[in-house]
Amino acid sequence: MPIITISVTGKPDAKLSAAIAKEATEITATQLRKDPTITAVAVNYIDPQHWFAGGKSLAEHGSNTFWLDIKVVDGTNTKLELEAYLKAIFEAFGRLLGDVHEESYAFVHEVPASAYGYGGKTQEFRFISGRLKAA
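Described below are features of the structure shown in this document. The shown structure was predicted, so the numbers you read here are calculated from the model rather than taken from an experiment. (Residues numbered from 1 in each chain as written. Predicted model: local features only at pLDDT ≥ 70, side-chain atom pairs only at ≥ 80, totals over all residues. Heavy atoms only, no water.)

So, the pairing of strand 2 (residues 40–46)
- With seven bridges joining them, strand 1 (residues 3–9) and strand 2 adopt parallel strand pairing. In the sheet register, Ser7 faces strand 2, and the bridge partner there is Asn44.
- Handedness of the crossover joining strand 1 and strand 2 through helix 1 (residues 14–32) is recorded here as right-handed. (Pairing = 2+ DSSP bridges. Helix = DSSP H or I, 4+ residues; strand = E, 2+ residues; numbered from the N terminus. Right-handed = clockwise from strand over helix to strand, strands pointing away.)

See the structure below:
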């Protein structure tokens, strides 16, 4: 049930947004074992003249960049899974955007299950309910 917010340089492009959402969802399912049917993705676009890395705009660099921000429940992934996820995300955006600047970032927020949820229920509630049903 992760929520993924992605910002990329460029002009809004529905086809690219769909490709980004598909790729991010698939990588999240594969690397972090998150259910793709309850993964949400929001894609935002920023003009490269208004995104700076090392004091120069991405327009000046002549490259693209991205910022991916994902929230997952704390303790549900190992350090090795997180490392593989970050690597796969960077590689995917290289394919999707082309010429991705080194200063492109992905941030995995591991949040408490009691403070995170969807549909009005926390992930902690869902976990406990599932365990009780299994007993």
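Having seen the model, we can carry on.
A few points about the environment of Thr39
- Looking at the secondary structure, you find Thr39 in the loop between helix 1 and strand 2.
- A polar contact of 2.8 Å, which involves the side chain of Thr39, links it to the backbone oxygen of Asp35. (Polar contact = N/O pair within 3.5 Å; in protein donor to acceptor, adjacent residues only side chain to side chain.)

Notes on the pattern of salt bridges
- Under the counting rule described, the total for this entry stands at five salt bridges.
- Across the salt bridge formed by Glu81 and Arg33, the nearest N and O atoms sit 2.9 Å from each other. In this pair, Glu81 sits in helix 3 (residues 79–97) while Arg33 sits in the loop between helix 1 and strand 2, placing the two residues 48 residues apart along the sequence.
- Residue Glu81 is classed as buried on the basis of its relative accessible area, which comes to 18%.
- Of the charged contacts in the structure, one is a salt bridge between Lys71 and Asp69, with a shortest N-O distance of 2.8 Å.
- We classify Lys71 as partly exposed; its relative accessible area is 26%.
- Given a relative accessible area of 10%, Asp69 falls into the buried group. (Salt bridge = Lys/Arg side-chain N within 4 Å of Asp/Glu carboxyl O. Buried < 20%, exposed > 50% of the residue type's maximum accessible area, 1.4 Å probe, protein only.)

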